[in-house]
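An overview of the molecular structure
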Amino acid sequence: MDWGGRSTTSTMSTGVVDELALELDENLADLSLEKTITSSLKTAEEIERLTVDERLGDIERAVYLLSSGQEVQRISVINNLPQLLRDHNNEAMRRVVPKVREVLHLANCELQDAATKVFVTIIEERIVTPAVYAQSFLQTILTNVDNRDPEAWLEVLLQVITCLPKDILKRDVLTVAVAKGQLSQSVQSRLASCRILGKIATRCDSFMIKRDILPLVTSLCQNVDYEVRACMCRQLDLVARGLGLEPTKSAILPELVELSNDEESCVRLAALETIVSLLSLLDDETCTQTIIPLVCKFCETAMRCEDSTLPAVARQFGRLCHGLSVNLTEDQKIWFLNFYCKLCVIGLVPDKTRVNDRQDASRASKQSPPILNLYREEDRHMECRRHCAFNFPCMVLFAGPRNFKTELHGTFASLCDDPNKCVRVTMASGFHEVAKMLGSNVLTIQGELISLLKDDSLEVIQGIISYLPDTLDAFARGGGNVITESKILGFGFDNLFLCRRVTGLSDLIPALLSAESATAASRNWRLHRDILDKYSHLPRCLTSEQIYGKITPMVFRHITTHRVLPVQLAAARTICVFMKYNRKLEQRQDMCGKLIAECCHSKNHRYRKLFIDICHFSLELFSKSFFKDNLYNYVVQLAQDPVPNVRLKFCSLLPSLKAQFKLPKDLQLLQQLETIVRRLLSMENDQDVVTAVRRAVFELDKIQMCVGSLTSKRQAEDDLLDQKKEEDEQLLLEMERRELEDSEGKAGGGSKAPTSAKGGDRRKTGTEGKNVGVSSTTASSAAKKVTRPAKTGSATGKRPPPSSSSNTSVTSTNRATKTGKAPGKKSTENATFAAPTASSASKVTSISAKAGKKSPPVPETNNNKPGNRRRAGSDGLICLSSNAKTATSRSRKGSDQNASTTVDGPSSSSGSSSSIKRTSSTSESRKGSSTSVTSPRVRQSSASNVASTNSTTRIKKTTVSKS
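Keep in mind that this is a model prediction, so the values were computed, not measured. (Residues numbered from 1 in each chain as written. Predicted model: local features only at pLDDT ≥ 70, side-chain atom pairs only at ≥ 80, totals over all residues. Heavy atoms only, no water.)

**Overview of the overall build of the protein**
So the rule is basically this: A run of DSSP states H or I qualifies as a helix once it reaches four residues; a run of E qualifies as a strand once it reaches two. Both are numbered from the N-terminal end. Here the term buried applies to any residue with accessible area under 20% of the maximum for its type, exposed to any over 50%, and partly exposed to those in between, with areas from a 1.4 Å probe on protein chains only. Whether two residues are in contact is decided by their heavy atoms: any pair within 4.5 Å suffices.
Each helix and strand in the protein was counted, giving 48 helices and two strands. Per-residue burial over the protein gives 47% buried out of 963 residues. Across the protein, every contact between residues at least 6 apart in sequence was considered, and the portion connecting residues at least 24 apart equals 74%.

Following this line, the structure appears as structure tokens:
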């Protein structure tokens, strides 16, 4: 081995390292904060010139800088002029303002712009009186209108006119306008005169306008220069409103009619705009006899010539139709509609589709370039169609929703399938307005909605997606074949999400998926986020089955696979909305379980952080009881996550967790949360997490806990909102229960002895037809028949004697019905999102938050198979929670007919409500009617078992004797 060679190589490496270290030290020395400045940006002369004596006052310094200062110093003085006038009014007016006027004669554009803004500020804030302003500042403005940068000073004059009194306007401004409007003046002066006259007309009375302004206005309307005629024509609206109706009809309308027939197109355009602006001022007679024939002639001329006035006609056509609609006859309305339909297809070749248009464009690009005029003509036609697309909602209002299908539907379809992308984007942006106006006829445009959603342009998709909630709402409210279950159940129609809709809107699903797919394939993640966010409004018009089967898998895929966090957040919130308004209990369970499995239990810390955001969404959408029963136990586990970023994210959730508790019911959860915070404070090693925990502790101390009925005003409002959420959740359970009843009633309608709640055996109603924990008119009426003979506690609705155990499980085995119900099932009381797990399918029972009536149980299916059993809570399945004593006592007024029931025993001395969770019993005995099968999760004392068995035996004896 050559040790010497290695030594030489090591020596060379050491030298290279030393050189690199020396170079690094030099670079660090260059970055030192105490680096000495070796070169100056300004010379000594420049510094001397910019130096001002500190002993000078404000006025002296301003005068000195305006006289001999640099340009930047003069601009600073002019910008500070309003403050100088406030502090030293007389001195500033005497010494500073004259210097400003001298400087403006030779100032550059930057200083001129600063002066224009300052002059407007002085008169708007009333820093000086109008007389002083007219003497010192107005003359400077009028002088500079003809000098350097006249356009900027003209704008200043027009703004100042609105703040000056009439006498100053007549004396100082009107004389200048009249002088500038003479034929001997330049075109620029006459244009300025037109604008000044229009602005003065808004400040003067009718007599003054007739005497001093109207003669010059008439002269300028007949000026030899077309630019002057067009400018004065645009000011006729202001002059007419100052004159009034009668002088306008005699003096302004003749000039307007003449200008509309001018040989120059820009003058005719100005006349059309003025006619549209004057429609609100003119009376019906003038509109019928003068304006309508004038407009019709103007439109026909523009269509025949196809010049630059045609896009202007298309742009103003909506306002024209809206303003003249009350004065048009039926024949005239038909003429206007036909003319509009011609405008919508102008420039289109018959039978020309978007595919053919793209093929023609590709062939044209390979050939010789077309003439420029052809390009201009094509652009002109496109602008006409684009303006027509913009005015389409106004035309729907003009024609009426009833006549839409016969008059405008073909035109609407043509515009939605226009070859030009800009036209389709405009139609997509206004689609929701058309949908709102159509009302019950909205399904007519469903095909066009599908076409726009499947468009190959992302801009078109963005236009339709931006207002998709409004569009869906219009389809949900206006569908003619909508059947709302709210009417069947007697609930209100306010909550559209809770209404079952049977419509033809299932065709929208492929189009919605196509729009999402096209956006996901692009790089526009912001549009993708907006689409997923807007899809949260799909429950307005699609059923739960459609959303769960088609939309939900796609949204879940983006939660677990997309790399952009805003897209993931939008998808997560949409899933929470789907879960809130889903009608099927099993589907809600499945979505909640997937969120827990894919996010909370994920090996990737990004998804565990996302689960905390999902908890924020759940706190916003669901009730407190739902969150505590289904998500709380999972999210608190993230406090011990091995990744510091997850623990840091969890700290932001701590105040919201505490806000969900209410004492003394949630005392145990509060203590658990306090233990978690103490552990984080004492055992956390990451400094950022420690800081976040301390910040969260301050927020936790500010939160006031609800203690019983002692709540503040804000807490009471939160309780009302939470109660509303819980009522919605109960409503979903009630609607699902009644759907199952209806389906069972139809299935057993032909049987001889039906067992459903509606078609039950009348002979057995008094003995076996009562159920625990449900609200139903049929069940309550049947229960009245057996209240007298039944003297036991369960039959009368009273609680059984208290036992040593807080929870008593009473199960009774009855004979199986024809529907195949298995004995030994459990029913619960007042369940919020209560559902049978995959291992135990039970009856879903609920107590309405408003009424304490009974309702029949939900028929169940026997899914109690070994292959279907899973541990409750292990995969995120939703557990049941019982509410207060009152809800429990209401539900105990009958005995179960065909299934065993779990009866909540009396609570402990603390009075807190007990909690019941559905579990699957591993073994069920069928020994007899008096045998009690107890769940292994419920601890039960021997005294409680004896009392329950005796109670069941007494009920059986009473039932047999009565029958």
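The structure having been displayed, the exposition proceeds.
**Observations regarding the state of the cysteines**
Keep this limit in mind: Any two cysteine sulfur atoms within 2.5 Å of one another count as a disulfide.
The final tally for this structure, using the stated rule, is zero disulfides. You can see Cys384 has no disulfide; the closest cysteine sulfur is in Cys388, sitting 6.6 Å from it. Unpaired in terms of disulfides, Cys592 finds its nearest cysteine sulfur in Cys576, a separation of 8.8 Å.

**Observations regarding the packing of helix H18 (residues 309-324) against helix H22 (residues 392-399)**
Let me state the cut-off plainly: Geometry is summarised by axes, namely lines fitted to C-alpha atoms with helices restricted to the contacting stretch, and by angles between N-to-C directions that run from 0 to 180 degrees. Roughly parallel means an angle under 35 degrees; roughly antiparallel, over 145; roughly perpendicular, 65 to 115; everything else is oblique. Helix crossings get a hand from a simple test, with the near helix turned counterclockwise from the far one by less than a right angle marking a left-handed crossing and a clockwise turn marking a right-handed one. Under this grouping Gly is polar, as are all residues other than the nonpolar Ala, Val, Leu, Ile, Met, Phe, Trp, Tyr, Cys and Pro and the charged Asp, Glu, Lys and Arg.
At a closest axis distance of 9 Å, the pairing of H18 and H22 adopts a crossing angle of 25°. On the basis of the axis angle, H18 is roughly parallel to H22. Crossing hand, H18 versus H22: left-handed. Contacts between H18 and H22 pair Phe317, Gly318, Cys321 and His322 from the former with Cys394, Met395, Leu397 and Phe398 from the latter. For the contact of H18 with H22, a count of residues per class yields six nonpolar, two polar and no charged.

**Some remarks on the pattern of salt bridges**
Which entries qualify depends on this criterion: Criterion for a salt bridge: a side-chain nitrogen of Lys or Arg within 4 Å of a carboxyl oxygen of Asp or Glu.
In the structure shown here, the tally under the stated rule is 37 salt bridges. For Asp172, the salt bridge identified is with Arg171, shortest N-O distance 3.2 Å. What makes Asp172 buried here is its relative accessible area of 13%. Here Asp590 ties to Lys594 by a salt bridge, and the two come within 3.6 Å at their closest N and O atoms. On the criterion of helical spacing, the pair formed by Asp590 and Lys594 is a turn pair, its members being four residues apart in helix H35 (residues 585-600).

**Let's talk about H35**
Going by this rule: To estimate how far a helix should extend, the number of its residues minus one is multiplied by 1.5 Å.
Helix length check: H35 (16 residues) gives 22 Å between terminal C-alpha atoms against 22 Å at 1.5 Å per residue, within 8%. Listed in full, the buried residues belonging to H35 are Leu585, Gln587, Arg588, Gln589, Met591, Cys592, Gly593, Leu595, Ile596, Cys599 and Cys600.

**Remarks on the UniProt feature "repeat: HEAT" (unreviewed entry) in the protein**
Let me state the cut-off plainly: UniProt positions are given in the numbering used here, feature names are shortened, and annotations may be inferred rather than shown by experiment.
Mapped onto this structure's residue numbering, the UniProt feature "repeat: HEAT" (unreviewed entry) falls at residues 213-250 and 252-290. From the first C-alpha to the last, residues 252-290 spans 12 Å; its make-up is 77% helix and 0% strand.

**Remarks on unusual backbone geometry**
That bond from Leu663 to Pro664 is cis: its omega, 0°, falls within 30 degrees of zero. Within the secondary structure, Pro664 is located in the loop between strand E1 (662-663) and helix H41 (667-683). Non-glycine residue Glu306 carries a positive phi angle of around 55°. One can find Glu306 in the loop between helix H17 (284-305) and H18.

**Looking at helix H9 (residues 150-161)**
In this model H9 runs 16 Å from its N-terminal to its C-terminal C-alpha over twelve residues, within 8% of the 16 Å that 1.5 Å per residue would give. The complete set of buried residues in H9 reads Ala152, Trp153, Leu154, Val156, Leu157, Leu158, Val160 and Ile161. Residues of H9 that are buried in the fold lie against helix H6 (89-105), helix H7 (109-124), helix H8 (130-144), helix H10 (166-180) and helix H11 (187-201).

**Quick word on the packing of aromatic side chains**
Rule in force here: Aromatic rings from Phe, Tyr and Trp, taking only the six-membered ring of Trp, are treated as a pair when their centres fall within 6.5 Å; an angle between ring planes under 30 degrees marks them as stacked, one over 60 as edge-to-face, and anything in between as tilted. Lysine NZ or arginine CZ positioned within 6 Å of the ring centre and within 35 degrees of the ring normal marks a charge as sitting over the ring.
Per the counting criterion, the structure on display carries 15 aromatic pairs. Through a chain of ring-to-ring contacts, three or more aromatic side chains come together here, namely Phe317, Trp335, Phe336, Phe339, Tyr340, Phe392, Phe404, Phe412 and Phe431. Across from the ring centre of Phe556, 5.6 Å away, lies the NZ or CZ of Lys594, which sits over that ring. One Lys or Arg, Arg606, reaches over the ring of Tyr607 and ends 5.6 Å from the middle of that ring.

**Considerations on a negative patch on the surface**
Our working rule: A patch is a set of surface residues, each over 30% in relative accessible area and not in a salt bridge, joined within 9 Å for like charges and within 5 Å for the nonpolar side chains Val, Leu, Ile, Met, Phe, Trp and Tyr. Only the protein chains shown count as cover for residues, and the accessible areas themselves come from Shrake-Rupley with a 1.4 Å probe. Neither His nor the chain termini are counted; the positive set is Lys and Arg, and the negative set is Asp and Glu. In this description, the location of a charge corresponds to atom NZ of lysine, CZ of arginine, CG of aspartate or CD of glutamate.
On the surface, a cluster of negative charge is contributed by Glu19, Glu23, Asp25 and Glu26. By the secondary structure assignment, Asp25 is in helix H1 (residues 3-30).

**A look at the environment of Pro293**
Mapped onto the fold, Pro293 is located in helix H17. With relative accessibility at 43%, the residue Pro293 sits in the partly exposed group. Other than its neighbours up to four places away in sequence, Pro293 contacts Cys287 and Thr288.

**Examining the environment of His322**
Among the secondary structure elements, His322 is positioned in helix H18. Overall, His322 belongs to the exposed group, its relative accessible area being 51%. The sequence separation of His322 and Cys394 amounts to 72 residues, and the corresponding C-alpha distance is 7.1 Å. Residue contacts for His322: discarding those within four places in its chain leaves Cys394 and Leu397.

**Some remarks on the side chain of Gln660**
The line we're drawing: Distance and chemistry together define a polar contact, namely a pair of N or O atoms within 3.5 Å, with one atom able to donate a hydrogen and the other to accept it when in protein, and with adjacent residues in sequence counting only for side-chain atoms on both sides.
Looking at the element boundaries, Gln660 is found in the loop between helix H40 (654-658) and E1. For Gln660, a relative accessible area of 10% gives the class buried. Among the polar contacts made by the side chain of Gln660, one reaches the main-chain carbonyl oxygen of Ser656 at a distance of 3.2 Å. The contact partners of Gln660, leaving out residues within four places of it in the chain, are Leu619, Lys624, Phe627, Lys628 and Asp666.

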